[in-house]
Amino acid sequence: MRRIGPRLCLMLGMAVTAALVLAACGGGDPTPALPPKSDPAAFTQAFVQRAIDYYEDNGRQKTLDLYNSLPSVDGPWYVFIFDENDVMIAHATVPANVDQHADDIRGVGGFPVGNQVAAAAAEGGAWTDYTYLNPSTGSFESKHSWVVRHDGLAFGSGWYQPGPSKDDGPAYTQALVQQAINLYEAVGRQQTVDYFNSPESVDGPWYVAMYDEDTNTIAHPTRKDFLGTSPRDRSDINGKPYGLEVVAADESGRWVDYVFVNPTSGETEQKHTWVIKHDGLLFLSGWYEPAG
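Going along each chain's sequence as written, the residues are numbered from 1 onward. In keeping with the predicted nature of the model, local features appear solely for residues at pLDDT of at least 70, side-chain atom pairs appear and are counted solely at 80 or more, and the whole-chain, interface and lining totals rest on all residues. The side-chain numbers reported here are obtained from all heavy atoms of the structure, hydrogens and water having been left aside.

## Let's talk about empty space enclosed by the protein
Worth spelling out the cut-off: Only protein atoms enter the 1 Å grid, on which a cavity is a set of points fitting a 1.4 Å probe that cannot get out and a pocket is an open set with protein on both sides within 12 Å along at least 5 of 7 lines, lining residues being those with an atom within 4 Å of a point. Grid points are joined across faces, edges and corners, and a volume is the space filled by probe spheres set on the points. Runs of E in the DSSP output that reach at least two residues are strands. Runs of H or I that reach at least four are helices, and both are numbered from the N terminus. Gly is put with the polar residues, along with every residue not named as nonpolar or charged; the nonpolar set is Ala, Val, Leu, Ile, Met, Phe, Trp, Tyr, Cys and Pro, and the charged set is Asp, Glu, Lys and Arg.
Per the counting criterion, the structure on display carries 3 cavities of 30 Å³ or more. What the largest cavity holds in volume is close to 120 Å³. Along the walls of the largest cavity sit 16 residues, with Tyr207, Tyr211, His220, Tyr258 and Leu284 positioned nearest its centre. Looking at the lining of the largest cavity, the elements that each hand over two or more residues are strand S6 (209-211), helix H8 (242-247), strand S8 (254-261), strand S9 (268-278) and strand S10 (281-290). The greatest single-element share of the lining of the largest cavity, amounting to 3 residues, is contributed by S10. Of the residues belonging to the lining of the largest cavity, the class tally is 10 nonpolar, 4 polar and 2 charged. Reported here for the second largest cavity is a volume of approximately 100 Å³. Lining the second largest cavity are 13 residues, with Met88, Ile105, Val117, Tyr130 and Tyr132 sitting closest to its centre.

## Quick look at the layout of surface pockets
Size it by volume and the largest pocket reaches roughly 620 Å³. Lining the largest pocket are 27 residues, with Thr131, Tyr172, Ala175, Leu176 and Gln179 sitting closest to its centre. Going through the elements one at a time, strand S3 (126-134), strand S4 (139-150), helix H6 (169-187) and helix H7 (189-196) are the ones with two or more residues in the lining of the largest pocket. The dominant element in the lining of the largest pocket, judged by the number of residues it contributes, is H6, at 6 residues. Among the residues making up the lining of the largest pocket, the classes are represented as 11 nonpolar, 11 polar and 5 charged.

## Thoughts on helix H3 (residues 40-58)
Short version of the rule: A helix is expected to reach a length of 1.5 Å times the quantity of its residues less one.
Between its terminal C-alpha atoms H3 stretches 26 Å, which fits the 27 Å expected from 19 residues at 1.5 Å a residue. Remark: Gly59 follows H3 within two positions and exhibits a positive phi of approximately 90°.

## Some thoughts on the nonpolar core
Definition in use: Side-chain atoms within 4.5 Å link the members of a nonpolar core, which is a set of buried Ala, Val, Leu, Ile, Met, Phe, Trp, Tyr and Cys residues. Burial status follows relative accessibility: with a 1.4 Å probe on protein chains alone, a residue under 20% of its type maximum counts as buried, one over 50% as exposed, and anything between as partly exposed.
Phe82, Phe196, Met210 and Phe283 are the most contacted members of the largest nonpolar core, which totals 41 residues. When residues of this core are assigned to their parent elements, the largest contribution, 9 residues, is made by H6. Core analysis: the next-biggest nonpolar cluster, separate from the first, contains 20 residues, Phe47, Ile52, Leu66 and Trp159 among them.

## Some thoughts on the environment of Asp233
Tracing the sequence through the fold places Asp233 in the loop between strand S7 (217-219) and H8. Along the backbone, Asp233 and Leu244 are 11 residues apart, and their C-alpha atoms lie at a distance of 7.2 Å.

## Considerations on the sheet that holds strand S2 (residues 88-91)
Quick note on the threshold: Whether two strands pair depends on DSSP finding at least two bridges between them. Note on geometry: axes are C-alpha line fits, over the in-contact stretch for helices, and angles between N-to-C directions span 0 to 180 degrees.
Within the open sheet, the 5 strands sit side by side as S2-S1-S5-S4-S3. Their pairing is antiparallel. Each of the sheet's edge strands pairs with one partner strand only, and the pair in question is S2 and S3. Mean inter-strand twist for the sheet, computed between neighbouring axes without regard to direction, equals 25°. With 9 bridges joining them, S4 and strand S5 (residues 153-161) adopt antiparallel strand pairing.

Spatial relationships are all this shows, so hold off on functional conclusions.
Written as structure tokens, this is what we have:
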């Protein structure tokens, strides 16, 4: 097959499939059949591996030319690449991210999604979940990404699923807590604590709090006076010792109900809090409804 240059590849546009572009810009047969999209996890892993194989066959510059071009995008799937210093060097759907360090790539509410993804990348590959803009729908959705560290670079891709609505308080709350745990797993304790102590981490009445191994508060963006103290002795306005229920949570998680001041409305309301222990720490969040 006659080879064509990267400029002409860019001109092919969305009308040309990713498979044809790979074949034209590369050489040989770089486009083995991918698993069906009905198995999104397998498809994503193969999609990333195909990018790594292309890099091995064609080198860095041709790989960047391809994966910074729209023809490389397949619906919600696209390959993003970080360099050895965690600077993004390929992202076809959000070109503004290119040349940005992972520190500066943020999601909803300033969530440090760039740091999470770059830190999660492993030589054998790793999954990491977060909330990000789905370029196919224009909405922020839950994204499941497979990230592989190869030759110092991080290659990744993923697929999207609509996350729970705020109208479903329990599901939204549990998803928010799980996202905090995912961040912790990727970037570690200090960056996670720093983010969830920041005002931008507050999502209306929702926020994430964290307690350390001794149940002392290490993150709480709306009550700085709680930092360094344990909830063990805390009671609600009705005298319910809700703090004891909070610190009794284990790895299976538990719901704790009590009456508290909603920081959004300033009103005393019923709060439903999901608490779960992970790696010795307690992660929690909750939602409010008018007290009965």
